[in-house]
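Report on the structure
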Amino acid sequence: MELLEGLVGEIEAAGGVAMAVRYDVEDEASIIAAYDAIEARFGIVDVVVANAGVNKAGSALKIDTDALDWIWRVNVRGAYLTAREGARRMPPSRDGSVAGRIIYIASIAAHTILPGAAAYCASKAGLVMLGRSLAKEWAKRGIDVNIVCPGFMDTDLIQDWVASEGGRAAIAAYPRSRL
């Protein structure tokens, strides 16, 4: 939260308006409370970016069910609950215009096999299909749903891999030798 509050300070110092709200994508009541707080300050939310993602790397033969459930709770269920609550609050378009936008941040892992990340890859592929399904279902309400599948980015999620011998070798083999 400290990082977000620092970012809010930077935005406000530049003349913008921002707010940091802590919530847990695994907890529907927490998601609802976050939307309530945001709407109390800014009004109706018409753009939602669902960007939560977790992984516990390991062989599919060895990953335990608690880790598997956690990956799916955050990466798919949490993204679903976040988008659904946002869509429920967006007033339906009456004239075919866009009433709101939902953007899912999936991963290249939705389309590429990453060794030791079967559960993560499957969850991100599930998120892509969820986004496609919601896009079709919510189009009549004027809600656009898009899915972005970025490649590797140097985030907390992959820091251990980036620092590993295998990670360094993989990065060196990329066309620009960087993430």
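Computed from a prediction, not measured in an experiment: that's the story for all the values here.

**Some thoughts on the overall build of the protein**
Secondary structure assignment for the protein yields six helices and three strands. Dimensions of the protein, computed from the C-alpha atoms along their principal axes, are close to 50 × 40 × 35 Å. Counting the 179 residues in the protein, one finds 32% classified as buried. Put simply, 58% of the contacts in the protein that link residues at least 6 apart link residues at least 24 apart. Summed over all atoms, the accessible surface of the protein reaches about 10900 Å², with 56% contributed by carbon and sulfur. With 19 positive and 22 negative side-chain charges, the protein shows a spacing of 8 Å between the two charge centroids.

**What to know about the environment of Ala50**
Among the structural elements, Ala50 can be located in strand S1 (residues 47-50). With 29 residues separating them along the chain, Ala50 and Ala79 place their C-alpha atoms 5.6 Å apart. For Ala50, the contacting residues outside a window of four places in its chain are Ala79, Ile103, Tyr104 and Ile105.

**Some points on the environment of Val76**
Here Val76 shows up in helix H3 (residues 65-89). With relative accessibility at 14%, the residue Val76 sits in the buried group. In the structure, Val76 is positioned 50 residues away from Glu26 in sequence and 9.9 Å away in space, judged by C-alpha atoms. When neighbours within four sequence positions are excluded, Val76 is seen to be in contact with Ile71, Ser123, Leu127 and Leu130.

**Quick notes on the nonpolar core**
Formed by 22 residues in total, the largest nonpolar core has its most connected members in Ile102, Tyr104, Trp138, Ile143 and Val145. The set of elements that each furnish at least two residues to this core consists of helix H2 (28-42), S1, H3, strand S2 (100-105), helix H4 (118-138) and strand S3 (143-148). Once you skip the residues sitting within four places of it in the chain, Tyr104 turns out to touch Ala50, Ala79, Tyr80, Ala83, Leu127, Leu130, Gly131, Leu134, Val145, Asn146, Ile147 and Val148.

**Some details on a nonpolar patch on the surface**
Taken together, the side chains of Met1, Leu4, Leu7 and Ile11 define a hydrophobic patch exposed on the protein surface, amounting to about 300 Å² of accessible area. Mapped onto the secondary structure, Leu4 falls in helix H1 (residues 2-13).

**Section: the packing of H3 against H4**
Running from amino to carboxyl end, H3 crosses H4 at an angle of 20°, the nearest separation of the two axes being 9 Å. Considered as vectors, H3 and H4 are oriented roughly parallel to each other. The handedness of the crossing between H3 and H4 comes out as right-handed. Counting all contacts with H3, which are made through Leu68, Ile71, Trp72, Asn75, Val76, Ala79, Tyr80, Ala83, Arg84 and Ala87, the residues of H4 involved are Ala119, Tyr120, Ala122, Ser123, Lys124, Leu127, Leu130 and Trp138. Residues of the contact of H3 with H4, tallied by class, amount to 14 nonpolar, two polar and two charged.

Thresholds, definitions, all that
- Residues numbered from 1 in each chain as written.
- Predicted model: local features only at pLDDT ≥ 70, side-chain atom pairs only at ≥ 80, totals over all residues.
- Heavy atoms only, no water.
- Helix = DSSP H or I, 4+ residues; strand = E, 2+ residues; numbered from the N terminus.
- Buried < 20%, exposed > 50% of the residue type's maximum accessible area, 1.4 Å probe, protein only.
- Contact = heavy atoms within 4.5 Å.
- Areas by Shrake-Rupley, 256 points an atom, 1.4 Å probe, with all protein chains shown as cover.
- Lys, Arg positive; Asp, Glu negative; His and termini not counted.
- Charge placed at Lys NZ, Arg CZ, Asp CG, Glu CD.
- Core = buried A, V, L, I, M, F, W, Y, C linked by side-chain atoms within 4.5 Å.
- Patch = residues over 30% accessible without salt bridge, like charges linked within 9 Å, V, L, I, M, F, W, Y side chains within 5 Å.
- Salt bridge = Lys/Arg side-chain N within 4 Å of Asp/Glu carboxyl O.
- Axes fitted to C-alpha atoms, helices over the stretch in contact; angles between N-to-C directions.
- Parallel < 35°, antiparallel > 145°, perpendicular 65-115°, else oblique.
- Left-handed = near helix turned anticlockwise from the far one by under 90°.
- Nonpolar A, V, L, I, M, F, W, Y, C, P; charged D, E, K, R; others polar.

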